[in-house]
Amino acid sequence: MPRIVIQNLGNLSIDSERTDRKVIELIHENGTDWMHACGKKGRCTTCKMIVVKGLENLSPETEVELIYRRQHRLRTNERLSCQTQLLEGELIIRVAEINKFPHLAYTE
Ligand code: FES
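The structure displayed is predicted, hence computed values, not measured ones.

Student: Which parts of the structure should I look at to understand the environment of His28?
Tutor: Tracing the backbone through its elements, the reader meets His28 in helix H1 (residues 23–29). Owing to 16 C-beta atoms within 10 Å, His28 belongs among the partly exposed residues under this scheme. Between the alpha carbons of His28 and Val51 there is a distance of 18 Å; along the sequence they are 23 residues apart.

Here it is, written out as structure tokens:
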């Protein structure tokens, strides 16, 4: 079963067989807050996830992600969680320092 692990949220683990759902939706449905300033419309980069492991398990990059990448607003190990589906296997991610919430206890 596909699994999302948020490394700097105490290795919070989210299992889901919903490969049709975006990663941010699975995180939110788990009751975990994740920044999404534009409402998951691909118009900001606040929902970005830093991918530690599992890039190959993700859906192909969308046009908006490619635009942000060309603008150097997304690094090669970063994806927008509102644009990306986890198709299989494990995805280990981190919340970027700039996108951390003050009300959540990050582990690093
Ligand atoms: S929430 Fe704005 S790009 Fe994903």
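So that's the structure; there's more coming.
Student: Help me out: how do you make sense of unusual backbone geometry in this one?
Tutor: Working note: non-glycine residues mostly have negative phi, and peptide bonds are mostly trans. Not every positive phi belongs to a glycine, and Asn11 is a case in point at roughly 55°. The residue Asn11 is located in the loop between strand E1 (3–6) and strand E2 (12–15) in this model. On the neighbour-count criterion, Asn11 (10 C-beta atoms within 10 Å) is exposed. Phi is positive for His72, close to 65°, though the residue is something other than glycine. Residue placement: His72 occurs in the loop between helix H2 (63–70) and strand E4 (78–80).

The rules we used
Position numbers for residues count from 1 along each chain, tracking the sequence in the order it is written. Given that this is a predicted model, residues contribute local features only at a pLDDT of at least 70 and side-chain atom pairs are listed and counted only at 80 or more, while totals for whole chains, interfaces and linings are drawn from all residues. Helical segments are the DSSP runs of H or I of at least four residues, strand segments are the runs of E of at least two, and each set is numbered from the N terminus. Think of it as a crowd count around each C-beta: if 20 or more other C-beta atoms lie within 10 Å the residue is buried, if 12 or fewer it is exposed, and in between it is partly exposed, with C-beta placed from the backbone throughout.

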